[in-house]
Amino acid sequence: MTVATAPKKATTNLIGLEKSDYRGLETTLCQGCGHNSIVSQIVAVCFELSIPPEQLIKVSGIGCSSKAPAYFMNRAHGFNGLHGRMPSAATGAILANHSMRAIGMSGDGDTANIGMGQFKHMVRRNVPMVYIVANNGVYGLTKGQFSATAEQGLELKKGLQNKLPPIDICLEALIGGASFVARSFAGDPRQLSTLLKAALAHKGTAVLDVISPCVIFNNKDESPKSYAWGREHEEPLHDLTYVPERDEIVISYEPGEITSVAFADGSSLRLKKIEVDHDPTSRLAALTLIEESRTQGTFVTGLIYVNPTQPTFVEISGLGTTPLARLTPAQMRPTEETLRDINARFA
Amino acid sequence: MSVQSRLAVVEKSGVTRKVNDFSIVVATVNGSGSQTANGVILRSLFAMGIPVSGKNLFPSNIQGLATWFTIRANAAGFVARTDQSEILIAMNRTTVIEDLKGLAEGGVCLYADDMAFEKSRGDVHYYAIPATRLARESGAEASLRPYVANMAYVGGLAWLLGIELSEVESALAAHFRGKAKAVALNFGVVQAAHKHAAENLTKTDGFRVERMPAEAGMILVDGNTAAALGAIYGGVSFAAWYPITPASSLAEGLQDYLPQLRRDPTTGENHFLMVQAEDELGALGMAVGAGWMGARSMTSTSGPGLSLMAEFSGLAHYAEVPVVIWDVQRMGPSTGLPTRVSQGDLLFAHFIGHGDGRQVVLLPGPNECFEFGWRAFDLAERLQAPIFVLSDLDLGMNLWRVPSFRYPDQPMDRGKVLSAEDLARLGGFARYKDVDGDGIGWRTLPGNSHPRSAYFTRGTGHDENAAYSEDPQVWEANMARLARKYQTAKGLVPSPVVEHMSGSRIGLVGFGSTDPAIQEARHILAQGGLPSDYLRLRAIPFADEVGRFLAEHPVNWVVELNSDGQMHSLLKIYFAEHAGRMRSLAHNDGLPLTARRVVQAVRDEKEEER
Ligand SMILES: Cc1ncc(C[n+]2csc(CCOP(=O)(O)OP(=O)(O)O)c2C)c(N)n1
Ligand code: SF4
Ligand SMILES: [Mg+2]
């Protein structure tokens, strides 16, 4: 495959910003933590896509993963909310100003344990945002307890074994009605970056479940959420290429091997099949894929499901173009005359 | 005979006339459609200029259990609930024996004639109305008959009391929003019953209504609708909620009126959004997110929902996010008394959240649901804080005769917000720095295009620049600033309302829906030689004036609808020096307060003094 749109090595992007304009504070996460790799990719991708940082909000729950928004895009407003409740705060914020983009950062505990209810209702509503779960199968911040995505039989601390089957975040998202479901691996920056771009191009909730090893509490080689295991077992579904709207598309693929997903903003994701023949626009195929990989013990990554046209909550809500947070007092307070009318109704 | 029952004894010979002064209790079965009939009676009396109130005492049930609706008409304007009614409309065979026992001496019993029961009370005037037959003859299809049968008691009562039929018809027209067929069907039954009564019954009691010179500018409205409308005139743009009695009708009021009042007349765009959340956690989460983004946002709930909102309330307090939370209070948790009134969330609301934190609480009286509806947003944005408005089931769900809504007399206060131009001028800002000395920092809204507009919002652990900090001194300084903000709030919230009587040595302190009972109690006490002063609290933090009031009286009764004396406890915290002057008059039986409770407590203590 040859792609003529290799990223230009310019120091400023299309809106004249340097990559450093997309940086956050120095990370306080552990060295080698998968979450740091996710942060790096967010910085790179937002820079590359020339997203104005002031037009984006960062929202998160609580956990090591949820601290991550402090480590990217200082020029974007951030909201570090409550454990498991990022979806509701993000929903309210986005509905109050739907001209903004949003990146949500959560953890597996934050999403699949305490926050499962809000998570599922958010994807059901298809609120426009990128929802990243930095999934390490463990509670990092509270020091190593099992999360609901931990594999059955896993032993993390001496003598403690996880006896319950894991919850699959992609599966939950699909069943909840998500319009974009992808899985990636913090140790695969190229794929992660491409999926992040696609997620940012998607108009609804884009769920990105990123296996992100916790080097302190869950990185033993035999653990399925470790770097070693991930590298050994990762089976990408497709070779992915993201084509931004502005770039001329010159791709030479063997015909018949490529599927293309076009997003509402005019960009597209080209998928070249690798081994499994997976159609990411079929929910049934997506469900089957997850179930098969579970029974085979494989670790598929890539775009699992997408419906780029599924109406978003903003679209169905009847909101106009003016964001609610930008209304003027004159638009917010009905006239005195209307109140006379109201009073007459109760008189 | 009880103190407040001012029913003149009806003698067999000369019947004493009782004009515009009685209580009616309508005993029906839940789900039988009596709401329409009761509303029509209430509205007709209101239209005749008579001060009136209506209270629905209903079970937590959709159909089948007993329910009572009480109407009080009183020319002098005392419309609190009374312990006894003078007129019983008996439509429920399972409760009629008990209902009859509770009737005041010399009272009236208007009943459905196919209901056989022992007329055990010799002092009562009985009138039978053939409700079922009149419904059958009305031409209504079978499924509607039980509903229109209720109109028979409306007609019977209209004859009995002299309620003008034209007002009954207008009330029906208002209820059915002009649907002529429905009005005709129902009014037909009213007329038939009226005619039947006039031709077959003889009036032996003395109760009557007479048109009064209409007091201009009064309306009849429930507190939840008033609150919703107030919020709309306060510019609410985002509301998230989860259904719960008795708060649902507040959100439903928003749902009804927002499309009428907040759709852009030229573009047709909605300038509002309502979301029915998955639970109250989500509801407040969304409202906080929207408030942070810069929209006027709110949620409405009752006690159980408020419990779920505790964590987000704490976050909004520390992150300093404006949001309005209405709590329409009801009795405690789970099932049992969810449809009964209480003022039991006071302490919880004031201290809600984890760690330190005292919240601003507004306490609207019956006339203030609309006003506090819009004011709460000015306070929330000015103070950058959650504002709790405590209503209750009685205030929220029952109809109140109140002065018509007054248009906000102040422009909207959007609080301290810096625009991109401001930042260009200032070169930057520090989110949590107290530049003005009032404890309130300046904020920016996401989307502000200035490169230095962003800040990182989190609960605890931030310095003046909103940067992460666990430095003890930094945090202590932040807490001191929040304390200053609380002091600022004291000067901004509605001040208490004080009413004096000359020669009074008794203080009464109350808030919210108990106002009519307290007013009536003062009247009765004064007639018995015990004048009193009254302070009606309208907000926490308490004004200094509260302390002065307490100091003026050797005895101050703190009247409230809960068992623990929550307001009493709070006042003892904030005015410890006057603790000895306060007595708790805490009462909690699930029903709106009556004047008798207050009168009795005050008199009993006076007895002891002697
Ligand atoms: C209501 C509440 N309960 C518990 C906690 C404590 N807590 C903080 S982080 C966390 C788990 C985080 O796990 P995860 O979301 O997987 O994030 P990670 O640290 O692994 O990235 C818990 C239980 C909390 N902050 N709030
Ligand atoms: S404890 Fe684990 S999850 Fe947390 S920062 Fe360290 S490596 Fe990452
Ligand atoms: Mg985790």
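As a reminder, the structure under discussion sits directly above these lines.
Counting starts from 1 at the beginning of each chain's written sequence and moves along it residue by residue. For naming, the first written chain is A and the first written ligand is 1, with later ones following in the order written. Local features in this predicted model are restricted to residues of pLDDT 70 or higher, and side-chain atom pairs are both shown and tallied only at a pLDDT of 80 or more, whereas totals for entire chains, interfaces and linings draw on every residue. Side-chain metrics in this entry use all non-hydrogen atoms of the structure; hydrogen atoms and water are not considered.

(A) Quick peek at the pairing of strand β8 (residues 180-185) of chain A. All names here are of chain A. Only protein chains enter the accessibility calculation, which uses a 1.4 Å probe; a residue whose area is less than 20% of its type maximum is buried, one above 50% is exposed, and one in between is partly exposed. Helix and strand assignments follow DSSP, with helices taken as H or I runs no shorter than four residues and strands as E runs no shorter than two, numbered in order from the N terminus. A large share of β8 lies buried, amounting to six of its six residues. Residues of β8 alternate between two faces, with Phe-180, Ala-182 and Ser-184 on one and Val-181, Arg-183 and Phe-185 on the opposite face, all of them buried. We call two strands paired when DSSP finds no fewer than two bridges between them. With six bridges joining them, β8 and strand β9 (residues 205-211) adopt parallel strand pairing. Bridged to Phe-185 within β9 is Ile-211. The pairing of β8 with strand β15 (residues 299-306) spans four bridges and is antiparallel. The residue bridging Ala-182 from the neighbouring strand is Leu-303, located in β15.

(B) Here's a closer look at the coordination of the magnesium ion (ligand 3). All names here are of chain A. The donor set comprises N, O and S atoms within 2.8 Å of the metal, extended to 3.2 Å for Na, K and Ca; water molecules are omitted, so apparent gaps in a site may simply reflect that omission. For the magnesium ion (ligand 3), every protein donor is listed as Asp-108 (OD), Asn-136 (OD1) and Val-138 (O), and the spread of their distances is 2.1 to 2.2 Å. Binding-site remark: the magnesium ion (ligand 3) is held by donors from one chain whose sequence spacing is D-x27-N-x1-V. Here Asp-108 is found in helix α4 (residues 108-113), whereas its partner Asn-136 is found in the loop between β5 (129-135) and β6 (138-139), with 28 residues between them in sequence.

(C) Main features of the site of ligand 1. Around ligand 1, 18 residues are found, and the nearest of them are Cys-64, Ser-65, Gly-109, Asp-110 and Gly-140 of chain A. Per-site note: the chains with residues close to ligand 1 are chains A and B. Between ligand 1 and the protein, one listed contact pairs an oxygen atom with a backbone N or O atom of Gly-109 of chain A at 2.8 Å. Two N or O atoms count as a polar contact when they lie within 3.5 Å, although within protein this holds only if one can serve as hydrogen donor and the other as acceptor, and sequence-adjacent residues are included solely when both atoms are side-chain atoms. Leu-141 of chain A places a polar main-chain atom, nitrogen or oxygen, 3.0 Å from an oxygen atom of ligand 1. The fraction of the free accessible surface of ligand 1 (590 Å²) that becomes covered by protein chains is 78%. For the shell around ligand 1, the leading source of residues is α4 of chain A, giving three residues. Under the scheme applied here, ten amino acids are nonpolar (Ala, Val, Leu, Ile, Met, Phe, Trp, Tyr, Cys and Pro), four are charged (Asp, Glu, Lys and Arg), and all others, including Gly, are polar. A breakdown of the residues in the shell around ligand 1 according to their chemical character gives six nonpolar, nine polar and three charged. Throughout, near means a residue has at least one heavy atom within 4 Å of the molecule or strand. In short, Shrake-Rupley with a 1.4 Å probe defines the accessible areas, and a residue's cover is counted only from the protein chains shown.

Spatial relationships are all this shows, so hold off on functional conclusions.
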